[in-house]
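Topology and contacts: notes
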Amino acid sequence: MPLKADVTSADLKSIRESALGAADPLGIAADLAEAAEAGRLADPDDAGQALTLAAEIAESRSKLDAALRYASRAVEAYGDRSDGDVVNAKAVRARILFRAGRADEAMAEVEPLRPQLTEYPDAAAYVSAALAAGGQLKVAEEWLTEALRSALASRGEPAEPEGVLFFLLQQRHRVRHALGLQHDQHDNLAEKLETRLANATARAAEAPGDDLLFFPKPEFEAALAKWPALAPAYGADWDEHRAHLERELVRLAGTGRAGLTLLPATVAGLTAFAGGDGDATDPKIRAGYAERIAGGTGQIAWPPERNGACWCGSGLKYKKCCLPRSR
Ligand SMILES: [Zn+2]
Ligand SMILES: [Zn+2]
C-alpha cells in the first residue's frame with residue numbers, strides 16, 4: 001500500500017512500530033525514502049528520520065546495499081544539524097557498514113560520535129549496537145565507561161532512572177553482561193535504578209494517580225480560585241500546568257508506557273466526586289477522580305501529531321504550543 005500524500009511525524013512513529021511485521025517491509029522502506037526525497041513529508045525536517053527508518057527496515061531484511069544508501073541519504077539530509085537524531089542516523093550507518101564487512105569505514109563513522117555519548121540519551125544504545133554488530137563489545141565497554149565517568153563527575157549520581165546517565169549505566173551494564181564481566185559499583189547502581197524503573201512501571205499500570213488530570217483553561221482558573229492549595233500540584237498558572245503535564249507525559253513515554261491520555265477535569269466534576277465531606281486537595285480524592293475519568297470516555301490522546309491541534313485546546317499546532325514546553 002503506497003503511503004498517503006503527507007506523511008506526518010505520527011505516521012513515521014506508527015510505521016516504525018508496524019513495518020517489520022508488514023507483508024512488504026522493503027516496499028515501505030522504498031516508499032519512505034521516496035516520500036522524503038519528493039518532499040511529501042508533512043514536516044520537511046523529518047526527512048532524516050524517514051530515511052533512517054527506511055535504512056533500519058532494509059537492514060532488518062539484510063538488504064545491506066539499500067540500507068546503506070538510505071542511511072547515507074539520511075546523514076546527508078541532516079546537513080549541518082547536530083542533535084540526537086543525527087547521532088542515531090550516523091550510528092545506524094556505521095552499524096550497516098560493520099554488517100557489510102566494511103569495518104574501517106564503520107569505525108571512522110562511529111568514532112566521532114564518542115563525545116555525543118554524554119549528550120544524548122539514545123546515543124549509548126545506538127553506538128553500542130553499531131559496535132556490537134562489528135564484534136567490538138570491548139570497545140563499546142571502554143567508550144561507555146569513559147562517558148559514564150565523565151558524566152558522573154560533572155553531574156553526580158542520578159537519583160531517578162531517566163536521562164543520559166541512566167541510559168549510559170543501563171547500556172554499559174548490558175554490554176558488560178554480554179562480555180561476561182563481574183558487576184562493579186556502576187553495574188550495581190544500574191541494577192538498582194532498573195529495578196526502581198520496573199517497580200514504578202508496574203505501580204503506574206495498576207494505580208493511575210492524579211498526575212494526568214488536565215484542567216482546560218477556564219476550569220484551571222476556577223479550580224485555583226476555589227482551592228489555592230492545588231497550585232503546587234498543578235502549577236501556579238495555566239502555562240505551568242500545561243508544562244507539568246507535557247513533561248510528565250514525555251517522562252512516562254520514556255518509561256515505555258503506551259496509550260497515554262490526558263484526563264480532562266472540571267471543578268464541578270471534582271467537587272461532585274469529593275462529595276459533601278471529601279476534600280479536593282487530598283491527593284487520594286484526586287487520584288480517585290482521575291481513575292473515574294480514566295474509566296470513562298473523553299480522554300485526550302497524547303501525543304498529537306506535531307502539526308496537529310495541540311492537546312491543550314489552545315487552537316495552536318502542537319509543535320508551536322505544548323511540545324516545546326517539555327524542554
Ligand atoms: Zn547485572
Ligand atoms: Zn498546547
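In what follows, the accompanying structure is described.

What about empty space enclosed by the protein?
Gaps left between atoms are located by rolling a probe of water-molecule size over the structure's atoms. Counted by the stated rule, this structure contains 1 cavity of 30 Å³ or more. Surrounding the largest cavity, Thr8, Ser9, Ala42, Asp43, Asp46, Glu305, Arg306 and Asn307 form its lining. Taken together, the residues of the lining of the largest cavity break down into 1 nonpolar, 3 polar and 4 charged.

Considering the coordination of the zinc ion (ligand 2)
Within the protein, the atoms that donate to the zinc ion (ligand 2) are Cys310 (SG), Cys312 (SG), Cys321 (SG) and Cys322 (SG), at distances of 2.3 to 2.4 Å. One can describe the donor arrangement at the zinc ion (ligand 2) as tetrahedral, given that its 4 donor atoms subtend angles of 102 to 114° at the metal. The motif formed by the donor residues of the zinc ion (ligand 2), counted along the single chain, is C-x1-C-x8-C-C. Placement of cysteine 310 in the segment after strand E3 (300-301) and of cysteine 321 in the segment after E3 is noted, with a sequence separation of 11 residues between them. The residues cysteine 310 and cysteine 321 share a single accessibility class, namely buried.

Let's talk about the coordination of the zinc ion (ligand 1)
The expected angle between donors at a tetrahedral four-coordinate metal is 109.5 degrees. At an octahedral six-coordinate metal it is 90 or 180 degrees. Protein-derived ligands of the zinc ion (ligand 1) are His173 (NE2), His177 (NE2), His183 (NE2) and Glu191 (OE), with the metal-ligand distances lying across 2.0 to 2.4 Å. Here the donor residues of the zinc ion (ligand 1) share one chain and are spaced in sequence as H-x3-H-x5-H-x7-E. Its relative accessible area of 33% is what places histidine 183 among the partly exposed residues. By relative accessible area, glutamate 191 is classed as partly exposed at 35%.

Considerations on the pattern of salt bridges
Summed over all chains, the structure comprises 22 salt bridges. The shortest N-O distance in the salt bridge between arginine 251 and glutamate 248 comes to 3.0 Å. Of the two residues, arginine 251 and glutamate 248 are both situated in helix H13 (residues 238-254); the distance of 3 residues between them amounts to about one turn of the helix. Given a relative accessible area of 37%, arginine 251 falls into the partly exposed group. The class of glutamate 248 is buried, set by a relative accessible area of 16%. Connected via shared salt-bridge partners are Glu141, Arg172, Arg176, Asp184 and Asp187.

Focus on the nonpolar core
In terms of nonpolar packing, the biggest core is built from 64 residues, with Leu32, Tyr70, Val110, Leu117, Val127, Leu131 and Leu168 touching the most fellow members. Not counting chain neighbours up to four residues away, the residues in contact with tyrosine 70 comprise Ala29, Ala30, Ala33, Leu51, Ala54, Ala55 and Ala58. With 34 residues, the next largest nonpolar core counts Leu230, Ile285, Ile293 and Cys312 among its residues.

Points about H13
The first and last C-alpha atoms of H13 sit 24 Å apart over 17 residues, in line with the 24 Å expected at 1.5 Å per residue. Among all positions of H13, only Trp238, His241, Arg242, Ala243, Leu245, Glu246, Glu248, Leu249 and Leu252 are buried. Those residues of H13 hidden inside the fold are in contact with strand E1 (213-214), helix H11 (217-226), helix H12 (231-234) and strand E2 (261-264). You can read the cap of H13 off the contacts: a side-chain oxygen lies 3.2 Å from the backbone nitrogen of aspartate 239, and it is on aspartate 237.

Rules used in this analysis
Residues numbered from 1 in each chain as written. Chains lettered and ligands numbered in written order. Predicted model: local features only at pLDDT ≥ 70, side-chain atom pairs only at ≥ 80, totals over all residues. Heavy atoms only, no water. 1 Å grid on protein atoms, 1.4 Å probe; cavity = no way out; pocket = protein on both sides within 12 Å on 5 of 7 lines; lining within 4 Å. Points joined across faces, edges and corners; volume = space filled by probe spheres on them. Nonpolar A, V, L, I, M, F, W, Y, C, P; charged D, E, K, R; others polar. Donors = N, O, S within 2.8 Å, 3.2 Å for Na, K, Ca; no water. Tetrahedral: all angles 85-135°; square planar, octahedral: opposite > 155°, others 65-115°. Helix = DSSP H or I, 4+ residues; strand = E, 2+ residues; numbered from the N terminus. Buried < 20%, exposed > 50% of the residue type's maximum accessible area, 1.4 Å probe, protein only. Salt bridge = Lys/Arg side-chain N within 4 Å of Asp/Glu carboxyl O. Core = buried A, V, L, I, M, F, W, Y, C linked by side-chain atoms within 4.5 Å. Contact = heavy atoms within 4.5 Å. Expected span 1.5 Å × (residues − 1). Polar contact = N/O pair within 3.5 Å; in protein donor to acceptor, adjacent residues only side chain to side chain.

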